[in-house]
Amino acid sequence: MAGKLRARDIMTGGVRCVGAHESLYDASKMMRDLDVGCLPICGDNNKLMGMITDRDIVVTCCAEGVDPASVQAGSLGGELHWIDADADATKALETMENNHIKRLPVIDVKGGHRLVGMITEANVAKNLNDKQIAEFATRVYATA
């Protein structure tokens, strides 16, 4: 990554959370309305507690014949990776590559541990040259 960029310099801000107690049906409508395929899950204290993707909803709920309106979003949180907003952007790239993830929540640790943004593949691509983008994609999409 060029220069001394921090995670906050490359992230997309204004991220919206789905509440842990909201249904998968509500999460899917939110994804549709925001035109995103992934949402952070926040608990009652508005702290990040997980991530949910459209694929999670389809594979673990719909494909199993479960009504999405009857399942709380917080039940599908899974393993959570995030980065401090003030961390070096290279660390964000490494976290995404090492964990084979395409979206990385950005937390303002000094500012009350608030969710302030999301780093996506598009954010990464804007800050890498073609060779680096190819290497990133190879590492993220490689099977563990």
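As shown above, the structure is provided for reference.
Now for a quick tour of the structure. Just so we're clear, the structure is a prediction, and the values are computed from it rather than from any experiment. All chains use their own residue numbering, which begins from 1 and follows the written sequence. Predicted model: local features are reported for residues with pLDDT of at least 70 only, side-chain atom pairs are reported and counted for 80 or more only, and whole-chain, interface and lining totals are derived from all residues. Side-chain figures throughout are based on the complete set of non-hydrogen atoms in the structure, without hydrogens or water.

### Comments concerning the environment of Gly14
Looking at the secondary structure, you find Gly14 in the loop between strand E1 (12–13) and strand E2 (18–19). Sequence separation between Gly14 and Val116 is 102 residues; the distance between their C-alpha atoms is 6.8 Å. Secondary structure elements follow DSSP: runs of H or I of four or more residues count as helices, runs of E of two or more count as strands, with numbering from the N terminus.

### A closer look at the state of the cysteines
In plain terms, two cysteine sulfur atoms within 2.5 Å form what is called a disulfide here. Counted under the stated rule, the structure contains one disulfide. Sulfur-sulfur distance for the disulfide between Cys17 and Cys42 comes to 2.2 Å. One end of the pair, Cys17, is in the loop between E1 and E2; the other, Cys42, is in strand E3 (residues 38–42), and 25 residues separate them in sequence. Cys17 gets classed as partly exposed once you look at its relative accessible area, which sits at 23%. Accessibility expressed as a relative area gives 4% for Cys42, which makes it buried. Its sulfur unpaired, Cys38 is 10 Å from the next cysteine sulfur, which belongs to Cys17. Cys38 sits in the buried class, given a relative accessible area of 10%. Cysteine Cys62 is unpaired, with the sulfur of Cys61 as its nearest cysteine sulfur at 4.8 Å. Burial classes follow relative accessibility: with a 1.4 Å probe on protein chains only, a residue under 20% of its type's maximum area counts as buried, one over 50% as exposed, and anything between as partly exposed.

### Some words on helix H2 (residues 24–34)
In an α-helix, one turn spans 3.6 residues, which is why side chains three or four residues apart end up on the same side. Every buried residue of H2 is listed here: Leu24, Ala27, Met30 and Met31. Mapping the buried residues of H2 onto a view down its axis gives an arc of 115 degrees, with all of them on the same face. Facing away from the buried surface of H2 by more than 90 degrees, the exposed residues are Arg32 and Asp33. Contact definition: two residues touch when any of their heavy atoms are within 4.5 Å. Among the structural elements, E2, E3, strand E4 (48–53) and helix H3 (54–60) are those in contact with the buried residues of H2. Pairs of N or O atoms within 3.5 Å make up the polar contacts considered here, provided that, within protein, one atom can donate a hydrogen while the other can accept it, and that residues adjacent in sequence are counted only when both atoms are side-chain atoms. Sitting at the head of H2, Ser23 places a side-chain oxygen 3.3 Å from the backbone nitrogen of Tyr25. Directly after H2, the chain includes Asp35, whose backbone phi takes a positive value near 55 degrees. Directions from the helix axis toward the C-beta atoms define the arc.

### Digging into the packing of helix H4 (residues 89–99) against helix H6 (residues 130–141)
Structural elements are reduced to axes, namely lines fitted to C-alpha atoms, with helices fitted over the stretch in contact, and the angle between N-to-C directions of any two is expressed from 0 to 180 degrees. Put simply, H4 and H6 touch, their axes get as near as 6 Å, and they point 40 degrees apart. One finds that H4 runs oblique with respect to H6. Along the contact surface, H4 presents Leu93, Met96 and Glu97, while H6 presents Phe136, Arg139 and Val140. Under the scheme applied, nonpolar residues are Ala, Val, Leu, Ile, Met, Phe, Trp, Tyr, Cys and Pro; charged residues are Asp, Glu, Lys and Arg; polar residues are all the others, including Gly. Of the residues that constitute the contact of H4 with H6, the class distribution is four nonpolar, no polar and two charged. With respect to orientation, any angle under 35 degrees is reported as roughly parallel, any angle over 145 as roughly antiparallel, any angle of 65 to 115 as roughly perpendicular, and every other angle as oblique.

### As for the side chain of His81
Relative to the helices and strands, His81 is located in the loop between H3 and strand E5 (83–84). A polar contact is formed between the side chain of His81 and the side chain of Asn99, at a distance of 3.4 Å. The contact partners of His81, leaving out residues within four places of it in the chain, are Thr95, Asn99, Ile101, Leu104 and Pro105.

In short, geometric facts, not functional conclusions.
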